[in-house]
Structures are given as C-alpha cells and as structure tokens.
Amino acid sequence: MSRLEAKKPPLFISEPLTSDTVSQSLSLLSGILKSSYGPAGRLKQLHNGVGGCVCTTSQSSALLGHLSVSQPVLRVLTASVQNHVSRFSDCGLFTAILCCGFIENFRSLNVAPFTVIKISKHLLSLCMDHLRSETCGCRVPVDFSSVGTLVCLVRSILTSKPACMLNKTEVDHLTALVLKAFIFTVPCHVETNAVLGKCVIVPVKGRRVLDSTVLPGLLIEMPEFHLGKPFAVKRTGSNMIKIALFNVSMSGDGFNPEEGTIAVHHGVSLEVSELNQLLHVGKQLVEDEVGLVVCQKVMHPSLKQYLRENGVVAVDRAGLSLMEPLGRMTGSKPIASILSSSPGCYGSLKDLCIESFASKHFLHLIPEDTVICSLILCNRSETAWDELKRVCGTAEHVLQLTMREPLALLGGGCTETHLASYIRHKSLGLPASTFKDLDCSQTQYQLVAEGFCRSLESVARSLSHNDGDILTDMVYGHCWFVPSGSPCVSKWSDLVSKCGCGMNGNTQDLSWRFLQGQSGSPVLQGCPKEPSVKVTDLLTLDCFAAKCSGLQVALETANLILDLSYIIEDQN
C-alpha cells in the first residue's frame, strides 16, 4: 500500500475561453474546417500515426470522425456537429464553421455572455421566421412532378466534395442514377403511413464511374458461382419464387460451451445429430416449394449440396446489413432457429438471375414491388470510391428529407449573405419594447447583431480558396466571387457573371460592395428583394432541413460554450 500515490485534486480551469491554449485550438480547428469547405476545398489526409488506413477527405463526417480532439471545449463542439450529421447527413462543415465564427465574434464583444445569448436567440428566431416565410428570397420550392430542382440539389452535393474526382459527364451520370435510385424507393401504393424504401450501395472499385448503374431489387455477391453451369430455380404454381431467410448459423456447430453443458448419450455423435437436423430442415424447405434460402451466417456444405440437388438456390454469409432490406423486399420473416421454421415466415420474389460486373458475379433478387434497389457504384481508386459512397449516401438522405419538407435553400454562400443583409436591415427597425424585453440596450443589440452577421458572412468567405475578392450586392444580398488575379475595373459587372448560387446575373446594376466581414460595413438601404429569375439547370442548392438545423445547432452550441465558466478535469 505504501507504493500507492496520493489521489490528485481535480484541475479547475476558470473562464476557459480566455485561455490561450483553447483559443489556439479553436483557431486551428476553424482553419482546418474552412480550408475544406466547398467544391474548391482543400483535401485532408488523416491517419493514426501507427499504421492503418489513410483517409483522404474534405467531408465533415470523415474529418471529425478521424480527428483526435483533447480540449473539452472542442469536444463539445465536435460532438454537437457529429450529432447533427448523424441526423441530417449534410451541412456538417457549415454548422462547424458557423459555430466557430459565433464563438470568435461573440467573445470579442464587450457584452456579458448572458446578454449575448439572449440577443443571439432573438436573432436566430428572426432568421428562422424569415426562412419559413413565403417572401424569403433564398428559399426555393421543390416540385416533385419535375426533376429540375432535384437535379440541382443532387448535383450540388456531388460537386461539393473534390475527393470524389468527378468530371462533368460523371457528375451528370451519377446525378441521374441517384435520382433513379431514390424514385425506386418511393412506394407505388400510397398508404396512411408510407415508408420510403432503401438503396443498397454495392462496391465495384477500379472501374470507370460511368460503369455505375442502378438495378431494382438486391444484389448478393456469389464468389463461388460457376457461370458454366445451368441456372434453374424452383417456382411455385403462381410462378413466384418462395424465399426463406435464416439469421442463425446453419453450419452444424450450433453448440456454444459458454451457454452451459450438454449431455450426449453414449455412441451418439453430436455433429451427425446436428447435420441430420439441418438436412431435416432442408427436406422441409424442399417440400414447402422454397426456391431460395438465404442464411446470414455460415451454411453446412452438405445442406448446400442437398438444397441445390433439389433445385433450391442456397446463399450463405449474406451478412447482417442485407437482412433488413431482404425481409422488407420479400415480405419474409427471419427464422431464428432451425428447430422452428414456419411456412408463415416465407416471402416471395418475382425473379432471380445472375449479373456480372467486372470480375464479380452477383445473384440478382428481383421483387414484385420495387422499394429496395441496388446502386452499383464504381470509381477508379479506393480513396475516391470511399468519398463517393459517403456523398451518394448523403444525397439519398437529403432527397428523403426534401420529400418530407419540399424546400431547398440557395447555395454558394448566397443564403448566408442574404440572411446577414436581412438581419442588418431588420435590427435597425426594431421597436424599443424589444430591447426592454431582452433587458439590453440598442447598442448592445447592434453589436451582437453585427457579430451574428459577420459569422454568417465568414461561412460564405470560406468558399473562396484563391485569394480573390468577394462581393455582395445591395439588392438581393447574394454572394459574388471575383476570380483571383482579375484586373482593376470601374464596373464589377465586367468581372462577375453570376452570383454564387447561379440565380442572378450581372445584367442589372446591383451596387456591389466588398464582403470582408468588418464592423461598420455598409448596410442595405432596404430589405433584400426576392429574385425574379426562375430556377435554372445550373443552380446551386442546399438541403432546407439540414441547413436550418445546422444554423440552430451552431448557435446553441456556441452559446453553451460561451456560458462555460469552469472546466473541471480529473487528473487521476
């Protein structure tokens, strides 16, 4: 006992945001995230330093998942953003950059944190009310009877991640495939509580992106399948294929010593007994006219052979991830024991065939009603494929969110600069009762509002990585990017052709100003107008639900961090 060290007292850190270490860590994280943002974002390589795979990405889910964060303040921030991404899949970098911007701008104000939090919540409510109003100039309705807006939405997601290494032809091809896959997952028969289907991504690496395709139903890889042998499957009288799913091992080694002991009579072989039981199950399946047996785990070779000799296709090692979509697509219920297989658990398929892609062979399960589909996703390298898989998953989720709330927001920094212009205009015309309700002065409100607007504008500025000038117009409040190295001209319209989202052109005098996020920058004379231009094929759009949630999460997390007075760390 004499060797035991005395217990150390906990470490108390007062006012953590005033610490140089925290400030430097926050600034470093903000710089990493900003440099990764947008279609021209710089890629990051992440590895653990002791071997293992290297992740090359600019996507928030991969960045934050691989970053090791030790500062408690930053852990709160990254956990908040990761929770947002787990729910919406999109706008992770937007949320993180905006949160860092709020913290940096608000803590520099000579205003009490409690007052800053109250005012910022009021500013957030103004933003949310504006975004949900019919007159909002950065909100775009999504019409599902036409694919135009959906194409813009998917294309914007695909082009936002440079690690996918896609050219325009490949982007167009994948956009069409993602939309086709999504349409497959929409039920044909509308029910009271309709549930969308699922798109399963099948990896084929080392092939051209243009080789990617979408098929209705599911694909199960069959590495041992012999193409030379004739392929026949047993069908029922209605020409359907009956299917049985097993989520239990059928390998014949079902006894687990950890579950206790088992008594075996003298001369009885446990292995032979289990094999006989499996063959009895196989005989029952053949008698029930089952044409396809899929096992999540391993199937005994003798059972496989018996089933195939009787015209039943046997598939094992299907894996857990396929069981849920298989059950949903076929209507079958997974059988959890070889001792209790009921005909009521069987499902049905319309057809079964073999598909070959590159050097891989797949069993293609074709359902009667398609709500499950397979996206065969190809890319030239493993790094690009991994990023593309994440992006396609994000696009599918965004389409699902958009179906629930058929709206989108203008991208390319235009929503951020538009909201900043709106808040600057709105904050000038508030009645005195508002300041009384918030228990603050008009000066304090204006200071926080300016910090709020600069934070929004800092997100738009993060889209530019080439040191070019960034403008905002005084009519619509949109964001405009001037190419790097452009000559000095008397008219900005000679250098910019379209705003960041592509909605507005330079055909009218929009009275541009520099967007540098500095206090005291010119304020719009009136409320930003709604653009009269219709949606074009080149529009850059963001997910409405994800961006609204990101705005709220960013501010709530920043307010939580600003309100920290102590960090208590256990040093034992």
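Note that the coordinates shown come from a computational prediction; the quantities given were computed from them, not determined experimentally.

Notes on the overall build of the protein chain
Broken down by element type, the protein chain carries 15 helices and 20 strands. Of all 572 residues assigned to the protein chain, the portion counted as buried reaches 49%. Contacts in the protein chain between residues far apart in sequence, at least 24 positions, make up 75% of those at least 6 positions apart.

A word on the pairing of strand E8 (residues 241–246)
Most of E8 sits out of view: 5 of its 6 residues are buried. Relative to strand E11 (residues 347–349), E8 is paired through 3 bridges, and the arrangement is antiparallel. Note on E11: the bridge partner recorded for Ile243 is Gly347.

Topic: the sheet that holds strand E15 (residues 407–410)
Taking strand neighbours across the sheet as the criterion, the 3 strands line up as E4-E15-E19 in an open arrangement whose pairing is antiparallel. The open sheet terminates on both sides in strands that have one partner only, identified here as strand E4 (139–141) and strand E19 (541–543). Ignoring strand direction, the axes of neighbouring strands in this sheet form an average angle of 45°. Where E15 meets E19, 3 bridges bridge the pair, whose relative direction is antiparallel. What sits directly across from Leu409, in E19, is Asp542. Contacting E4, E15 and E19, helix H6 (residues 148–159) runs over the sheet at an angle of about 80° to E19.

Structural notes on the sheet that holds strand E9 (residues 290–295)
Strands sit in the order E10-E9-E8-E11 across an open sheet of 4 strands; the sheet is mixed. Where the open sheet ends on each side, the last strands, each with one partner, are strand E10 (313–315) and E11. Here the strands of the sheet are splayed against their neighbours by 25° on average, with no regard to which way each runs. With 5 bridges joining them, E8 and E9 adopt parallel strand pairing. Looking at E9, one finds that Lys242 is bridged to Val290.

Concerning the pattern of salt bridges
Under the counting rule described, the total for this entry stands at 17 salt bridges. With a shortest N-O distance of 2.7 Å, Arg390 and Glu387 are connected by a salt bridge. Taken together, the residues Arg390 and Glu387, both in helix H11 (residues 382–404) and 3 residues apart, mark about one turn of the helix. For Arg424, the salt bridge identified is with Glu450, shortest N-O distance 2.8 Å. You can see Arg424 sitting in helix H12 (residues 414–428) and its partner Glu450 sitting in helix H14 (residues 442–461), a full 26 residues away along the chain. Judged by relative accessible area, which is 4%, Arg424 ranks as buried. Take Glu450: its relative accessible area is 14%, and that puts it in the buried class. Among the ionic contacts, a cluster of salt bridges with common partners joins Arg424, Glu450, Glu457 and Arg513.

A few points about the environment of His280
Along the polypeptide, His280 turns up in helix H8 (residues 270–287). Placed 58 residues apart in sequence, His280 and Ile338 show a C-alpha to C-alpha distance of 9.3 Å.

Considerations on the nonpolar core
Core analysis: the biggest nonpolar cluster contains 119 residues, and Leu77, Leu131 and Tyr445 have the highest contact counts within it. The two domains that each donate at least three residues to this core are domain 1 (11–138 + 410–569) and domain 2 (143–217 + 376–405). Leave out the neighbours within four places in its chain, and Leu77 touches Leu26, Leu29, Ala96, Cys99, Cys100, Ile103, Thr557 and Ile561. Of all hydrophobic cores here, the second largest spans 23 residues; its members include Val313, Val315, Leu322 and Leu326.

A closer look at the side chain of Thr394
Inspection of the secondary structure puts Thr394 in helix H11. Exposure remark for Thr394: the relative accessible area of 8% places this residue in the buried category. Separated by 3.4 Å, the side chain of Thr394 and the backbone oxygen of Ser89 make a polar contact. In this structure Thr394 touches Gln59, Ser89, Asp90 and Ile157, once residues within four positions along its chain are discounted.

What to know about the packing of aromatic side chains
Considering all chains together, one arrives at 4 aromatic pairs under this definition. A centroid spacing of 5.5 Å and a plane angle of 15° characterise the contact between Phe102 and Phe106, whose relative ring orientation is stacked. In this pair, Phe102 and Phe106 are both assigned in helix H4 (residues 92–107), 4 residues apart and thus about one turn of the helix distant. Overall, Phe106 belongs to the buried group, its relative accessible area being 2%. Through pairs of rings, three or more aromatic residues link up here, namely Phe102, Phe106 and Phe452.

Observations regarding the confidence of the model for the protein chain
Residues with a pLDDT of 70 or more make up 89% of the protein chain, whose mean pLDDT is 86. Under a pLDDT of 50 for its full length, residues 517–525 has, in the predicted model, 19 contacts with residues more than four places off or in other chains.

Some words on the environment of Leu463
Secondary-structure assignment places Leu463 in the loop between H14 and strand E16 (470–472). Overall, Leu463 belongs to the buried group, its relative accessible area being 18%. Along the primary structure Leu463 and Gly413 are separated by 50 residues, whereas in three dimensions their C-alpha atoms are 7.3 Å apart. In this view, Leu463 contacts Tyr37, Gly38, Pro39, Gly412, Gly413 and Phe481; residues no more than four positions away in its chain are not counted.

Details of H6
Residue pairs spaced three or four apart in an α-helix point in one direction, given the helix's 3.6 residues per turn. With 12 residues, H6 extends 17 Å from end C-alpha to end C-alpha; this agrees with the ideal 16 Å at 1.5 Å per step. Counting buried positions over the 12 residues of H6 gives 9, a clear majority of the element. All of the buried residues along H6 are Thr149, Leu150, Val151, Cys152, Leu153, Val154, Ser156, Ile157 and Leu158. Check the buried side of H6 and you find it contacts E4, helix H7 (168–184), H11, E15 and E19.

Some words on the packing of helix H5 (residues 113–131) against helix H15 (residues 544–562)
Packed helices, taken two at a time, are described by the angle their axes make and the gap between the axes. With their axes 10 Å apart at the nearest point, H5 and H15 run at an angle of 175° to one another. One element, H5, and the other, H15, form an angle in the roughly antiparallel class. Across the interface between the two elements, Pro113, Val116, Ile117, Ser120, Lys121, Leu124, Cys127, Met128 and Leu131 of H5 pack against Phe544, Cys548, Leu551, Gln552, Leu555, Asn559 and Leu562 of H15. Its residues assigned to classes, the contact of H5 with H15 shows 12 nonpolar, 3 polar and 1 charged.

A short note on the state of the cysteines
Applying the stated criterion across every chain, the model contains 0 disulfides. Sulfur of Cys164: no disulfide; nearest cysteine sulfur belongs to Cys392 and is 7.3 Å away. Using a relative accessible area of 0% as the deciding quantity, one classes Cys164 as buried.

Analysis parameters
Residues numbered from 1 in each chain as written. Predicted model: local features only at pLDDT ≥ 70, side-chain atom pairs only at ≥ 80, totals over all residues. Heavy atoms only, no water. Helix = DSSP H or I, 4+ residues; strand = E, 2+ residues; numbered from the N terminus. Buried < 20%, exposed > 50% of the residue type's maximum accessible area, 1.4 Å probe, protein only. Contact = heavy atoms within 4.5 Å. Pairing = 2+ DSSP bridges. Axes fitted to C-alpha atoms, helices over the stretch in contact; angles between N-to-C directions. Salt bridge = Lys/Arg side-chain N within 4 Å of Asp/Glu carboxyl O. Core = buried A, V, L, I, M, F, W, Y, C linked by side-chain atoms within 4.5 Å. Domains from an automatic or database assignment. Polar contact = N/O pair within 3.5 Å; in protein donor to acceptor, adjacent residues only side chain to side chain. Phe/Tyr/Trp six-rings, centres within 6.5 Å; stacked < 30°, edge-to-face > 60°. pLDDT = per-residue confidence, 0-100. Expected span 1.5 Å × (residues − 1). Parallel < 35°, antiparallel > 145°, perpendicular 65-115°, else oblique. Nonpolar A, V, L, I, M, F, W, Y, C, P; charged D, E, K, R; others polar. Disulfide = S-S within 2.5 Å.

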